[in-house]
Amino acid sequence: MNESCLFCKIVAGKIPAKKIYEDDHVLAFHDIHPQAPVHALVIPKKHWASLDDVGAGDRADLGHLLERTAHCARELGVAASGYRTIINTKAHGGQEVFHIHVHILGGKALGRMVDARAKEG
Ligand code: 5GP
Ligand code: ZN
């Protein structure tokens, strides 16, 4: 646990969250500021600050995180219609919380990423 990390505090139960799924390695909960009808975050219980902090030895944990993300999307009822997963990494990626997390966004048709890129120039 990283004492100054918001998501480590959620893992430790020191900050409340609306939990969706939990096992020994992963926790999923609803985003506090949803950007879509369904907006969940799936995090490893182990603290990695960002995707850039993951190494070859973490492949099994990362695989579990992504597989459980798919499981959560099914539990949330968005798997059949489809959803978007996002991992923001560091400043230019728009990362605000430095404990790696996978966003699940769904519940409506989302704009294509190429459209979003065009708008941002
Ligand atoms: P990032 O920009 O780092 O990829 O996304 C961080 C996400 O965490 C944001 O979507 C933000 O709304 C969410 N978030 C920040 N603080 C909290 C919190 O205390 N609880 C929950 N459930 N989500 C949070
Ligand atoms: Zn952390």
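This structure is a prediction, so every number in the text was calculated from the model and none was measured.

Overview of the pattern of salt bridges
If the charged atoms of two oppositely charged side chains come close together, the side chains can form a pair.
Right, on to step 1. Per the stated rule, a full pass over the model turns up 5 salt bridges.
Right, on to step 2. Salt-bridge contacts for D52 lead to K90; the nearest nitrogen and oxygen are separated by 2.5 Å. Residue D52 is located in the loop between strand 3 (38-44) and helix 2 (59-75), and its partner K90 is located in helix 3 (residues 90-93); the two are separated by 38 residues in the primary sequence.
Right, on to step 3. A relative accessible area of 38% places K90 in the partly exposed class.
Right, on to step 4. A single salt-bridge network, built from bridges that share partners, covers K19, E22 and K45.

Some points on the side chain of D31
Right, on to step 1. Its location among the elements puts D31 in the loop between strand 2 (26-30) and strand 3.
Right, on to step 2. Notably, D31 is buried but unbridged: the nearest opposite-charge side chain belongs to K18, and the N-O separation is 10 Å.
Right, on to step 3. A distance of 2.8 Å separates a polar side-chain atom of D31 from the backbone nitrogen of H33.
Right, on to step 4. Here D31 is in contact with H39, A40, L41 and H103, once residues within four sequence places are set aside.

A closer look at the pairing of strand 1 (residues 19-22)
Right, on to step 1. Here 3 bridges tie strand 1 to strand 2, and the two strands are oriented antiparallel to one another. Across the sheet, Y21 pairs through a bridge with A28, a residue of strand 2.

Digging into the site of ligand 1
Right, on to step 1. As a matter of local geometry, ligand 1 sits amid 17 residues, with D31, N88, E96, H101 and H103 nearest to it.
Right, on to step 2. The separation between a nitrogen atom of ligand 1 and a polar main-chain atom of H30 is 2.9 Å.
Right, on to step 3. A distance of 2.9 Å separates an oxygen atom of ligand 1 from a polar backbone atom of V97.
Right, on to step 4. Listing elements by their share of the shell around ligand 1, those giving two or more residues are helix 1 (6-11), strand 2 and strand 3.
Right, on to step 5. Looking at which element gives the most residues to the shell around ligand 1, the answer is helix 1, with 3 residues.
Right, on to step 6. Considered class by class, the residues forming the shell around ligand 1 number 7 nonpolar, 8 polar and 2 charged.

Scoring rules and cut-offs
Residues numbered from 1 in each chain as written. Chains lettered and ligands numbered in written order. Predicted model: local features only at pLDDT ≥ 70, side-chain atom pairs only at ≥ 80, totals over all residues. Heavy atoms only, no water. Salt bridge = Lys/Arg side-chain N within 4 Å of Asp/Glu carboxyl O. Helix = DSSP H or I, 4+ residues; strand = E, 2+ residues; numbered from the N terminus. Buried < 20%, exposed > 50% of the residue type's maximum accessible area, 1.4 Å probe, protein only. Lys, Arg positive; Asp, Glu negative; His and termini not counted. Polar contact = N/O pair within 3.5 Å; in protein donor to acceptor, adjacent residues only side chain to side chain. Contact = heavy atoms within 4.5 Å. Pairing = 2+ DSSP bridges. Near = heavy atom within 4 Å. Nonpolar A, V, L, I, M, F, W, Y, C, P; charged D, E, K, R; others polar.

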